[in-house]
Amino acid sequence: MPGRTDSSAATDRPDTAAPAPGTPAARTPHPAGTAPAASTVRLPVLHERGGLARLLPARPPFARQLRRIGPGRVLEIGCGDGDTLAACAPGSVGIDHDPRSVAHCRARGLTAYTADAFLAGPHARPGAFDALLTAHVLEHLDDEQVEDLLRAYVPYVRPGGGVLLITAQEAGHRAGPEPVRFTDFTLLRAFAEAAGLAVRRTYSHPLPRTAGRVLRANSFVLVGQVPRG
């Protein structure tokens, strides 16, 4: 995998590159009991909206990104306490390695599982979801773990469905907790293509790329698509 870089693919740039020739498109789900853990990591909560954060409107987590992948059912990997999952379409499902997070989601009336419970449950059907979302998880995994995670869960998204990969920029990366390495546009593209996805768009959110050095909420976003056939 590439090392740490600052991609020139900056803000709201259309991107239609397909996976590199010869890249395997893994479409076989992991057997039950072998799913990779999905981190609960989230960026630190900004209790006081000072500085640049004060200029941003309050909104449901990743609302703009969710609109980009349409109104269908979402499989969220690393759902945490369910703030983003609650904004997803009915029938969406969250997966988290922490049973306490799963219990919290269920107490809110959301559908959530630990990884192995999901694979053993009724929602683990190939192509059952319209999109996959993982936000602020991949930077906390090593390359092999990222590839295993995407290989495990992309098959549960229908052909033509969307995939959103979101990672922290510099300020969020420094804020922790304990990221493995800086995961920018270049690494996100490499991971997406290794999973057999077509990369449709990369952009910086909620502000342009330069804000990521000081704004913890600024993120890299990759919008991918599962091949149709």
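Notes on the structure in this doc start here. Here the structure is a predicted model, which is why all the values come from computation and not from measurement. (Residues numbered from 1 in each chain as written. Predicted model: local features only at pLDDT ≥ 70, side-chain atom pairs only at ≥ 80, totals over all residues. Heavy atoms only, no water.)

It is worth spelling out unusual backbone geometry at this point. Looking along the chain, the bond that leaves His 205 and enters Pro 206 is cis, with omega of 5 degrees. Residue position: Pro 206 is located in the loop between strand S7 (198–205) and strand S8 (219–225). Backbone geometry places His 136, a non-glycine residue, at a positive phi of 55 degrees. Turning to its location among the elements, His 136 is positioned in the loop between strand S5 (129–135) and helix H4 (143–153). (Helix = DSSP H or I, 4+ residues; strand = E, 2+ residues; numbered from the N terminus.)

Our focus in this paragraph is the nonpolar core. Counting residues in hydrophobic clusters, the biggest one holds 37 residues, and the most contacted among them are Leu 75, Phe 118, Leu 150, Tyr 153, Tyr 156 and Leu 165. Elements with a minimum of two residues in this core: strand S2 (74–77), strand S3 (93–95), helix H3 (115–119), S5, H4, strand S6 (157–168), helix H6 (185–194) and S8. In this structure, Ile 69, Leu 133, Leu 164 and Ile 166 belong to the second largest nonpolar core, which totals 13 residues. (Core = buried A, V, L, I, M, F, W, Y, C linked by side-chain atoms within 4.5 Å. Buried < 20%, exposed > 50% of the residue type's maximum accessible area, 1.4 Å probe, protein only.)

On inspection of all chains with the given rule, the structure shows zero disulfides. The cysteine Cys 79 is free of any disulfide, with Cys 105 supplying the nearest cysteine sulfur at 4.0 Å. Assessed through its relative accessible area of 1%, Cys 79 is described here as buried. For Cys 88, which is in no disulfide, the shortest distance to another cysteine sulfur is to Cys 79 and amounts to 9.9 Å. In this structure Cys 88 comes out as buried when scored by relative accessible area, which is 12%. (Disulfide = S-S within 2.5 Å.)

Right, let's get into the packing of aromatic side chains. Any two aromatic rings considered together are summarised by their centre-to-centre distance and by the angle between their planes. Enumeration according to the criterion identifies six aromatic pairs in this entry. Between the aromatic rings of Phe 118 and Tyr 156, the centroid separation amounts to 5.3 Å while the plane-to-plane angle is 85 degrees, which identifies the pairing as edge-to-face. Here the residue Phe 118 occupies a position in helix H3, and Tyr 156 occupies one in the loop between H4 and S6, the gap between them amounting to 38 residues. When its relative accessible area of 0% is taken as the criterion, Phe 118 is described as buried. Look at Phe 182 and Phe 220: their rings are 5.6 Å apart centre to centre, the planes differ by 80 degrees, and that puts the pair in the edge-to-face class. Here Phe 182, found in the loop between helix H5 (170–175) and H6, pairs with Phe 220, found in strand S8; they are 38 residues apart in sequence, far enough to count as distant. Side by side, Phe 182 and Phe 220 carry an identical accessibility label, which is buried. Among the aromatic side chains, those forming a connected cluster through ring pairs are Tyr 113, Phe 118, Phe 129, Tyr 153 and Tyr 156. Over the aromatic face of Phe 129 sits the side chain of Arg 73, whose NZ or CZ is 4.5 Å from the ring centroid. Positioned over the ring face of Tyr 113 is Arg 106, at 5.4 Å from the centre of the ring. (Phe/Tyr/Trp six-rings, centres within 6.5 Å; stacked < 30°, edge-to-face > 60°. Lys NZ or Arg CZ within 6 Å of the ring centre and 35° of its normal.)

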